[in-house]
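# Residue-level structural notes
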Amino acid sequence: MAEARAFTAIVNPAAGGSASASSLIAPARLLREAGAEVAVEYSRGLEHAADVARAAAESGRVVLGVGGDGMAGCVGGALAGTGALFGIVPAGRGNDFARQLGVPSDPEELAKLLLEGEPRAVDAIDANGTAVLGSVYAGVDAVANDNANKTRLLRGSAAYYFGALRAIVSWRAADYLITVDGETRERQGYTVVAANSGYYGFGKHIAPDARVDDGLLDVILIRTAPKRLFFAVMRELEAGTHVRRPEVEVMRGEEVRIELAGPPGRTLPYGADGELPGVLPVTARVMPGALRVLAP
């Protein structure tokens, strides 16, 4: 009989309205009942979480990211290219990368996967030198993310929806230079998304044909259009039918650079896995098969 795996679970205490720790209770109990050792570490921030993940991996433990996409991206990104074994305990509001992988939220199914599942090699993204998992995006979505982070009166999804509405109402079309595998296009639009995973932004199927193991990024551009059409595109995101619209352009490649062509002085944040690492320009390169993850 194979020796039971040893786990280090890294918890984001703030994710999902502080629900991460409680989401871990049932699967951790089931893992321990099966003979596995489970250590729990509480993150003091993303940098701390990445350090804990690398240290646990170096000692041969399976590292679990417990939280939403920010925690999954941080922990998984820290392990990309190391050969370490990574698992996700979905406990945030979005859980978009877990959704793409088909990671179950039911505690019994999840514990079985973590105990017995075979590692699956999936791609990651190098975004300006930092490894992330799901997508890199620059446009009205990143501005909405920034607005939500700065909102003090609202929390959770209410802050995000308020931030999104404010971003859309005040949005001025961005002039992008988008370079995909060396070919540059000038486009005006609402956002550019370089997607490894098909989902982002709380279950929106932004890149319905994206695959986490094809060695490619799906690049989705939502072009400039009247705002009423933009809202129509937004309504179609959950089903992924927006890609049929002429306002939406789909490209595919191994390396994507997103820049602002102007005007001088304008800046635009870019997002990655729900976090905001910086402002444009950003170069996103696929890291083929860089992460060994316990997923169906």
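See the structure above.
Since we're looking at a predicted model, the values are computed, not measured.

## What about the pairing of strand β7 (residues 135-139)?
Look at any regular strand and the pattern is simple: side chains alternate between the two faces of the sheet. Of all five residues making up β7, five are buried, and the element is well covered by its neighbours. Of the two faces of β7, the one carrying Ser135, Tyr137 and Gly139 and the one carrying Val136 and Ala138 are both buried. Where β7 and strand β13 (residues 269-272) come together, two bridges link them in antiparallel fashion. What sits directly across from Tyr137, in β13, is Gly271.

## Regarding the packing of aromatic side chains
Applying the stated criterion across every chain, the model contains four aromatic pairs. For the ring pair Trp171 and Tyr190, a centre distance of 6.5 Å and an interplane angle of 20° mean the geometry is stacked. Of this pair, Trp171 sits in the loop between α8 (156-169) and β8 (174-180) while Tyr190 sits in strand β9 (residues 183-195), placing them 19 residues apart in sequence. With respect to class, Trp171 is no different from Tyr190; both count as buried. An aromatic cluster of three or more residues is present, and its members are Trp171, Tyr190, Phe230 and Phe231. The aromatic ring of Tyr199 is capped on one face by Arg99, whose charged end is 5.6 Å from the ring centroid. Against the face of Trp171 rests Arg266, its NZ or CZ located 5.2 Å from the ring centre.

Cut-offs applied
- Residues numbered from 1 in each chain as written.
- Predicted model: local features only at pLDDT ≥ 70, side-chain atom pairs only at ≥ 80, totals over all residues.
- Heavy atoms only, no water.
- Buried < 20%, exposed > 50% of the residue type's maximum accessible area, 1.4 Å probe, protein only.
- Helix = DSSP H or I, 4+ residues; strand = E, 2+ residues; numbered from the N terminus.
- Pairing = 2+ DSSP bridges.
- Phe/Tyr/Trp six-rings, centres within 6.5 Å; stacked < 30°, edge-to-face > 60°.
- Lys NZ or Arg CZ within 6 Å of the ring centre and 35° of its normal.

By themselves these figures say nothing about function.
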